[in-house]
Amino acid sequence: MSRNYAELHDPNAEYTMRELSSETMGVSAKRGGGRDVEITDIQTTMIDGNFPWTLVRIYTDAGVVGTGEAYWGAGVPELIERMKPFLIGENPLDIDRMFEHLVQKMSGEGSVQGVTVTAISGIEVALHDVAGKILDVPAYQLLGGKYRDKVRVYCDCHTADEADPQACADEAERVVEELGYDALKFDLDVPSGHEKDRANRHLRNSEIRHKAEIVEAVTERVKDKADVAFDCHWTFSAGSAKRLAAAIADYDVWWLEDPVPPENHDVQREVTESCPTTPIAAGENVYRKHGHRRLLEEQAVDIIAPDMPKVGGMRETRKIADMADTYYVPVAMHNVASPVATMASAHVATAIPNSLAVEYHSYQLGWWEDLVEEDVIEDGYIEIPEKPGLGVTLDMDVVEEKMIDGETLFDEE
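Residues numbered from 1 in each chain as written. Predicted model: local features only at pLDDT ≥ 70, side-chain atom pairs only at ≥ 80, totals over all residues. Heavy atoms only, no water.

The protein appears in an unreviewed UniProt entry as Gluconate dehydratase from Halogranum salarium B-1.

Rendered as structure tokens:
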């Protein structure tokens, strides 16, 4: 059954004391220099990549179109359609106000965290692209300028047998020697063959030994040719996470990511404090700057890892990075996106002082870079484009070919 999500009735959205539309705020002054622009439409198309990427396009009455991307997930296109009436007629240059406007309007539908924030993030990224094009500046300039011309990329690696330490070591060597990356990540929450109960989060000693063998094999194989991080995907108990971190303390581990579930910050802090020689990273499952506040204020992480098209967008990630910098915490952006949000993350990374690297999760997807006309990653780095906006252009033929069944291609610009 077809539904028009833009016309859903929500009394909370229709009546709010903190109404931030241009009409209510009295933002009506004429703007010179071609900046008097209005949003006329917002469209989405979902791509069948290694994740179902949601691409977002914002259209304006100036003929300028911006492209963004939201973190993958069911319901994101519908939520973006739901928010369309709050954006039509607004000036796309007012990025901060538009973000807060959407958060306020969608407060009853979950704009504190979760998929609603993800949908807002995709819109926010597209606003940066269209604003950069209107102002004729690259997106990083909207975030304060650049610290570096190119951004380091870490490659999330996988093998046919991810539980085999030597297979992981072989793949690490291949990615370094043949693909040119000097930063890698492997999963540790892989079956060891020693599990007795996958639900209780407890690691038996034999399981810890197996995970330590993976770490040893990979780090000893690449040595100082690459930094290597290891991901646990929020799988283990606090005690098991501490024992695992201790077991790999003697190896050259860049960071151990998400060893415990994200809901309890007290446990996250406890694990990090107990592991002085194994850096602990977390953040991809925490939303907006408010969600990252305790992680940073309580120094519950050594490295913060927000996912830009999930956490709130480019400016929100910048705000998280600024907060992290007051605690001297570096930023390693989680990223499972298409070239669009990957490049947007790189624009953020070049604009903050404390960037470590941006993740790349699609090296085994042969057509990933074909989605845009430009080259994105070269020898393990992203060179930040000087073109206006994000600096990437969708190849509409590839978009049409790779759309999920039932999706509609974007309108022409």
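Chemist: Whenever I open this one, the pattern of salt bridges confuses me. Can you help?
Modeler: Two side chains bearing opposite charge may form a pair once their charged atoms approach each other closely. Tallied over the full model, the rule gives 34 salt bridges. Asp227 serves as the salt-bridge partner of Arg152, at 2.9 Å between the closest nitrogen and oxygen. Here Arg152, found in strand S4 (residues 150–156), pairs with Asp227, found in strand S6 (residues 227–231); they are 75 residues apart in sequence, far enough to count as distant. Residue Asp227 is classed as partly exposed on the basis of its relative accessible area, which comes to 26%. Counted as one network, the salt bridges with shared partners bring together Asp156, Lys185, Asp231, Glu257 and Glu359. (Salt bridge = Lys/Arg side-chain N within 4 Å of Asp/Glu carboxyl O. Helix = DSSP H or I, 4+ residues; strand = E, 2+ residues; numbered from the N terminus. Buried < 20%, exposed > 50% of the residue type's maximum accessible area, 1.4 Å probe, protein only.)

Chemist: It is not clear to me how the pairing of S6 should be interpreted in this structure. Could you clarify?
Modeler: Within a regular beta strand, the side chains point alternately toward one face of the sheet and then the other, so they alternate between its two faces. Taking burial as the measure, the five residues of S6 include four buried ones, the bulk of the element. Note that strand S5 (residues 183–187) and S6 share five bridges and pair parallel. Looking at the pairing, Ala183 lines up with Asp227 of S6. Remark: the S5/helix H8 (residues 205–222)/S6 crossover connection has right-handed handedness. Taken together, the two bridges between S6 and strand S7 (residues 256–257) define a ladder with parallel strand orientation. (Pairing = 2+ DSSP bridges. Right-handed = clockwise from strand over helix to strand, strands pointing away.)

Chemist: Could you clarify how one ought to interpret the sheet that holds strand S2 (residues 52–60) in this entry?
Modeler: The strands making up a sheet are joined through hydrogen bonds of the backbone, oriented either antiparallel or parallel. Here we have three strands laid out as an open sheet, ordered S1-S2-S3, and antiparallel in their pairing. Both outer strands of the open sheet, strand S1 (39–48) and strand S3 (65–70), are each paired with one neighbouring strand and no more. The average angle at which neighbouring strand axes cross in this sheet is 20°, direction not considered. Note that S2 and S3 share six bridges and pair antiparallel. Of the residues in S3, the one forming a bridge with Arg57 is Thr67. In this fold helix H3 (residues 76–87) packs onto S1, S2 and S3, with an angle of close to 175° to the strand it touches most, S1. Sitting on the sheet, helix H5 (residues 115–135) is in contact with S1, S2 and S3, with an inclination near 150° to S3. (Axes fitted to C-alpha atoms, helices over the stretch in contact; angles between N-to-C directions. Contact = heavy atoms within 4.5 Å.)

Chemist: Would you take a moment to explain the pairing of S5 for this structure?
Modeler: Of all five residues in S5, five are buried, a share of seventy percent or more. Along S5, one buried face is formed by Ala183, Lys185 and Asp187 and the opposite face, lined by Leu184 and Phe186, is buried too. Bridge analysis of S4 against S5 gives two bridges, and the strand direction is parallel. Residue pairing in the sheet places Cys155 in a bridge with Leu184 of S5.

Chemist: Can you help me understand the packing of helix H7 (residues 165–177) against H8 in this one?
Modeler: Their axes nearest at 8 Å, the elements H7 and H8 cross at an angle of 30°. When the axes of H7 and H8 are compared, the pair comes out roughly parallel. As H7 runs across H8, the sense of the crossing is right-handed. Taken together, the residues of H8 that come into contact with H7 (itself represented by Pro165, Gln166, Cys168, Ala169, Asp170, Ala172, Glu173 and Val176) are Glu213, Ile214, Ala217, Val218, Arg221 and Val222. Residues belonging to the contact of H7 with H8 are distributed by class as follows: nine nonpolar, one polar and four charged. (Parallel < 35°, antiparallel > 145°, perpendicular 65-115°, else oblique. Left-handed = near helix turned anticlockwise from the far one by under 90°. Nonpolar A, V, L, I, M, F, W, Y, C, P; charged D, E, K, R; others polar.)

Chemist: Any chance you could explain the environment of Glu373 here in plain terms?
Modeler: Here Glu373 shows up in the loop between strand S11 (355–360) and strand S12 (377–378). Under the relative-accessibility criterion, Glu373 is labelled exposed at 57%. Taking the C-alpha atoms as reference, Glu373 lies 5.7 Å from Asp395; in sequence the two are 22 residues apart. Contacts of Glu373, omitting those with residues within four sequence positions, involve Thr393, Leu394 and Asp395.

Chemist: Even after reading the chapter, I still don't get helix H9 (residues 238–247), so can you show me in this structure?
Modeler: Because an α-helix completes one turn every 3.6 residues, residues spaced three or four positions apart along the sequence face the same direction. Taken residue by residue, H9 has Ala238, Ser240, Ala241, Leu244 and Ala245 as its buried positions. What you see down the axis of H9 is that its buried residues fit within an arc of 160°, all on one side. Those residues of H9 that are buried lie in contact with H8, S7 and helix H10 (265–273). (Arc of directions from axis to C-beta.)

Chemist: Quick question: what am I supposed to make of the UniProt feature "domain: Mandelate racemase/muconate lactonizing enzyme C-terminal" (unreviewed entry) in the protein here?
Modeler: Per the UniProt record, the feature "domain: Mandelate racemase/muconate lactonizing enzyme C-terminal" (unreviewed entry) sits at residues 165–278. Taken end to end, residues 165–278 is 44% helix and 11% strand, and its first and last C-alpha atoms sit 20 Å apart. (UniProt positions renumbered as here; feature names shortened; annotations may be inferred.)

Chemist: How should I be thinking about the domain arrangement of the protein in this particular structure?
Modeler: Interface size, as often reported, equals the accessible area lost upon joining of the parts. Entries for the protein in the domain assignment read domain 1 (11–137 + 398–402) and domain 2 (143–387). Each of domain 1 and domain 2 has a C-alpha centre, and these two points are 28 Å apart. With 31 residues of domain 1 at the interface, the matching set in domain 2 holds 29 residues. Of the roughly 2,400 Å² buried at the junction of domain 1 and domain 2 (both faces included), carbon and sulfur atoms supply 65%. Among the residues of domain 1 in contact with domain 2, Trp53, Glu69 and Tyr71 are the three that bury the most area, contributing 24% of the side total. Taken together, the links from domain 1 to domain 2 amount to two salt bridges. Taken together, the links from domain 1 to domain 2 amount to 12 residue pairs in polar contact (both at pLDDT 80 or more). Those elements giving two or more residues to the side of domain 1 that touches domain 2 turn out to be S1, S2, S3, helix H4 (95–105), H5 and helix H15 (396–402). Here the side of domain 1 that touches domain 2 takes six residues from H5, the largest share from any one element. Tallied by class, residues from the side of domain 1 that touches domain 2 come to 16 nonpolar, 10 polar and five charged. (Domains from an automatic or database assignment. Buried area = accessible area lost by both parts, 1.4 Å probe. Polar contact = N/O pair within 3.5 Å; in protein donor to acceptor, adjacent residues only side chain to side chain.)

Chemist: Would you mind showing me how to read the packing of aromatic side chains here?
Modeler: Two numbers describe a pair of aromatic rings. These are the distance of the centres and the angle of the planes. On inspection of all chains with the given rule, the structure shows eight aromatic pairs. Taking the centre distance of 5.8 Å and the plane angle of 70° together, the rings of Trp53 and Trp367 count as edge-to-face. One end of the pair, Trp53, is in strand S2; the other, Trp367, is in the loop between S11 and S12, with 314 residues separating them in the sequence. Considered together, Trp53 and Trp367 belong to a single accessibility category, that of buried residues. Between the aromatic rings of Tyr360 and Trp368, the centroid separation amounts to 4.7 Å while the plane-to-plane angle is 65°, which identifies the pairing as edge-to-face. The exposure classification of Tyr360 matches that of Trp368, with both residues buried. Through pairs of rings, three or more aromatic residues link up here, namely Phe51, Tyr71 and Trp72. Across the ring face of Tyr381, the terminal group of Lys150 is positioned such that the distance to the ring centre comes to 4.9 Å. (Phe/Tyr/Trp six-rings, centres within 6.5 Å; stacked < 30°, edge-to-face > 60°. Lys NZ or Arg CZ within 6 Å of the ring centre and 35° of its normal.)

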